[in-house]
Structure formats: C-alpha cells, structure tokens
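Chains, contacts and geometry: an overview
Spelled out from the first residue to the last, the chains are:
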Amino acid sequence: MSAVPTAASTSSGGGTPMMSPGATSAGSMTGASTTGTETKLSAGMSAWQDAIAIAKQNRQKLQRQQANALNRPDRVLFCLSLKNPVRRLCTSIVEWKPFEYLILFTIFANCVALAVYQPYPGGDSNAVNAALEEVEYIFLVVFTLEAMLKITSYGFLFHHGAYLRNGWNMLDFVIVFIGLVSVCLQQTGKGKFDIKALRAFRVLRPLRVVSNVPSLQVVLNSILRAMVPLLHIALLVIFVIIIYAIIGLELFSGKLHNTCHYIDSGLMVEEPNPCSVDSKGYTCVPGESTCKNDTWEGPNWGITNFDNFFLAMLTVFQCVTMEGWTDVMYYVSVTLKQLKRALTSSKRN
C-alpha cells in the first residue's frame, strides 16, 4: 500500500518542512476568530465598566438624597410632616436646578436694575426710574416666594438644618423682610414715612449670589478664617503707629499753628501754611506779611497736627497710607529746623 501524504512534507533538497495550503488557511481562520473574540471581550468589559460607573453615580445620588432626608426634620412649622404633599412639593421645587438658575438670573437682573437707577435731587424722577420701581415689585415677589418655599421645606428656626440656622439664609431673610416693610410703609404711609434709609438696604441684594453659589461660600469662609491671623498683623501695625504718634507728640506738639498775616490789615493770608518766626524755615512775603505764633488752627482745619495723642495717630496713619504724606513732611520741615537749632543751642550751653 502507498503511504498517506502528511500535511508537512520535506523538500527534495535539504529536508526543510513545508506547510500545506490547507494548514495556512486554517491558521488564518483561527487568528481571525481569536481577534474577534478579543474585540467582543473588550466591548463587553467597557460596557460593564460603564454600567458600574452609572450604578455608582446612582448610588451616590441616592445616598445624597437619603442624607438630605435624614437632615430634614420630621415636622416643620408645627404641622407639616415629611409626607405632607405641600412640603414635598416645596422641597422638589427648591432642589430643582432650573429654580436655582431662575433665582440667580433674578439676582443678576436686580443688580442691573440697581446700576441703571439714577437718583435725582428733590424727589424728582424720570420714566426709567418709574419703570424700575415697578420692576422692583417683581423682584420682591420672587425673593419672597423663594424664602417661603425654603421655610416650608427646611423649617424656620427651632430645629437642626432650619432656614435661619444658615447665616447666608439669614441675610436673605433680612433683605426680604426689609423690602416688605418698605413696601408696606410706602403703600400705607402715603408720604408720612421716609423710606429712603430702608431702600438703601437694596445694595445688599447682590450678596444673595453667595447664598446660591456654594463655591463663593467656600471662598468667603476661607477669607473670614484668614482674618484671625491678619488681626495679629493689624495689632502690630497699630503698635507701630502708637510709637510714632508718641514721638510726634513729643517733638511737634503745638508747632503747626504759626502762619502768615498781612502787615496792613493783620488778617490771615488766603492760603495759610506753617511758617517760621525767626526766618529760618518757610518765610512769609517780605513787606506784605509776617509770621505770628499760635494764630492758626492748623493744616486741614486743625486735623493734621500732633497736639494730642489721637490726632497724632491720625496724622501718622495718613502718612502710612501714602495719601498726602508729602504735605505733612513740608509742614513739619519748619519745625525740624527749629528743633535742630534748639538742640544745637542746648549743646552749646
């Protein structure tokens, strides 16, 4: 019998094995099937990972909802329980994202209205101001509705997590309350009450953005916490100001009250400045005016001087702020010359 041909045959030359065409096609099919299997496995793994990520997000969302539910009191306003439909409706509205965006838009619109409003003297007004006064009622209604919804959802004051237990909510409540009081006085008083002082509290309304943006709350809380170390620096600055105020009190007390007077009339000149009596510092115009002692209240209506401790501290603080410090330098230059001569004469004696 003849031998059955094998898949691998040797060549006539050197015995090198050769693969048959059937074996090559089978190997390529096996590799293709392996690649397809790996693709399906990777797609399945990615889908599984996506499903796990979605499940984690839903789990975290459920945990947040449960935490919020645990933080809410069982009963608010002495009558509304957690299952009360009115309270559940208010809670869903307050925690609804579009409602937060609506409040932020209203706050920004109110800021624009406050910037556009142009006050006039004597109670005068124009059409734009009249329209803004009408729009003010819309803002007040929206802010009042927000406060009522939050009070119904969270409670007012007497339990943990209540509306007024949050400092930013307290600011919102004060602003809304003052707005309602001003409107009531305006409608009932009919000119008997001056509500301009209450209207001034409108400038606090832009601060309502902080209560609706948690990131701003984090920034402001960080600034407030940093104020305690800054207080120590402020105390050091005050201590330095006190030291220099005492030095100025010892050197320049009563030295800034000499000024020029006209020789003919004896009146003070129009623009008085500290002068030197012995013509060693700032001198008056020869033949027109002469310098007299203790006849002037002092620069800046008697505020800039070193006659007492508090005014000396104020003058030193003015120099620290770099506002008008050159004027103070020129004022005391005459005194410095007089002090130098006094020290020189004392050394000679």
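Going by the structure above, here's the rest.
As the structure is a computational prediction, the values presented were derived from the model and not from experiment. (Residues numbered from 1 in each chain as written. Predicted model: local features only at pLDDT ≥ 70, side-chain atom pairs only at ≥ 80, totals over all residues. Heavy atoms only, no water.)

On to the overall build of the protein chain, then. Looking only at helices and strands, one finds 11 helices and 6 strands in the protein chain. A burial count over the protein chain gives 25% of its 349 residues as buried. Across the protein chain, the fraction of contacts at a sequence separation of at least 24, relative to all contacts at a separation of at least 6, is 59%. With the model as given, the accessible surface of the protein chain reaches about 24,100 Å², and the carbon-plus-sulfur share is 66%. (Helix = DSSP H or I, 4+ residues; strand = E, 2+ residues; numbered from the N terminus. Buried < 20%, exposed > 50% of the residue type's maximum accessible area, 1.4 Å probe, protein only. Contact = heavy atoms within 4.5 Å. Areas by Shrake-Rupley, 256 points an atom, 1.4 Å probe, with all protein chains shown as cover.)

Here we come to the pairing of strand β6 (residues 289–292). Going residue by residue along β6, you find S289 and C291 tucked away on one face and T290 and K292 left uncovered on the opposite face. Pairing of strand β5 (residues 259–262) with β6 involves 4 bridges; the strand directions are antiparallel. Residue C260 lies in a different strand from β6, and its bridge partner there is C291. (Pairing = 2+ DSSP bridges.)

Okay, the packing of aromatic side chains next. Going through the model one piece at a time under the given rule, you end up with 5 aromatic pairs. With centroids separated by 6.5 Å and ring planes inclined at 80 degrees, the aromatic side chains of Y163 and F173 adopt a geometry described as edge-to-face. Taken as a pair, Y163 in the loop between α4 (127–154) and α5 (167–189) and F173 in helix α5 lie far apart in primary sequence, 10 residues in all. For F173, a relative accessible area of 27% gives the class partly exposed. Judged by centre distance (5.4 Å) and plane angle (55 degrees), the ring pair of F252 and F306 falls under tilted. Taken together, the residues span a long stretch of sequence, with F252 in helix α8 (residues 214–252) and F306 in the loop between α9 (299–302) and α10 (309–320) at a distance of 54 residues. (Phe/Tyr/Trp six-rings, centres within 6.5 Å; stacked < 30°, edge-to-face > 60°.)

Before going further, it helps to spend a moment on the nonpolar core. Among the nonpolar cores identified, the biggest contains 12 residues, and these are C90, V94, F99, I103, I107, A113, L132, F139, F143, L149, V176 and V209. Counting residues per element, the ones that place at least two in this core are α2 (85–94), α3 (97–116) and α4. Every residue in contact with A113, bar those within four places of it in the chain, is listed here: L132 and F139. Judged by nonpolar contacts, the second largest core, of 9 residues, contains F306, A312, Y331 and V332. (Core = buried A, V, L, I, M, F, W, Y, C linked by side-chain atoms within 4.5 Å.)

The grouping of V219, I223, L224, M227, L230, I233 and V237 at the surface amounts to a nonpolar patch, some 630 Å² of accessible area in total. Tracing the backbone through its elements, the reader meets I233 in helix α8. (Patch = residues over 30% accessible without salt bridge, like charges linked within 9 Å, V, L, I, M, F, W, Y side chains within 5 Å. Salt bridge = Lys/Arg side-chain N within 4 Å of Asp/Glu carboxyl O.)

In this section: the packing of α3 against α4. At their nearest, the axes of α3 and α4 sit 10 Å apart, and the two run at 150 degrees to each other. Overall, the two elements α3 and α4 adopt an arrangement that is roughly antiparallel. As α3 runs across α4, the sense of the crossing is left-handed. Across the interface between the two elements, F99, I103, T106, I107, A109, N110, A113 and V116 of α3 pack against V128, L132, E136, F139, V142, F143, E146 and L149 of α4. (Axes fitted to C-alpha atoms, helices over the stretch in contact; angles between N-to-C directions. Parallel < 35°, antiparallel > 145°, perpendicular 65-115°, else oblique. Left-handed = near helix turned anticlockwise from the far one by under 90°.)

Among the residues of α2, those classed as buried are R87, C90, T91 and V94. Buried residues of α2, viewed axially, fall in a sector of 100 degrees; they line one side. Turned more than 90 degrees away from the buried face of α2, the exposed residues are P85, R88 and L89. Lining the buried residues of α2 we find β3 (75–76), β4 (80–81), α3 and α4. Measuring from the backbone nitrogen of V86 back to the side-chain oxygen at the start of α2 gives 2.9 Å, which picks out N84 as the cap. (Arc of directions from axis to C-beta. Polar contact = N/O pair within 3.5 Å; in protein donor to acceptor, adjacent residues only side chain to side chain.)

Positive phi values are uncommon outside glycine, yet N300 reaches one of about 55 degrees. Among the structural elements, N300 can be located in helix α9. Here the phi dihedral of M322 falls at roughly 65 degrees; this positive angle occurs in a residue that is not glycine. Looking at the secondary structure, you find M322 in the loop between α10 and α11 (325–348).

Our focus in this paragraph is the pattern of salt bridges. In a structure, side chains of opposite charge can pair up when their charged atoms sit close to one another. One pass over the structure, following the stated rule, counts 2 salt bridges. Between K97 and E100 there is a salt bridge; the shortest N-O distance is 3.5 Å. Of the two residues, K97 and E100 are both situated in helix α3; the distance of 3 residues between them amounts to about one turn of the helix. The exposure class of K97 is partly exposed, given its relative accessible area of 48%.

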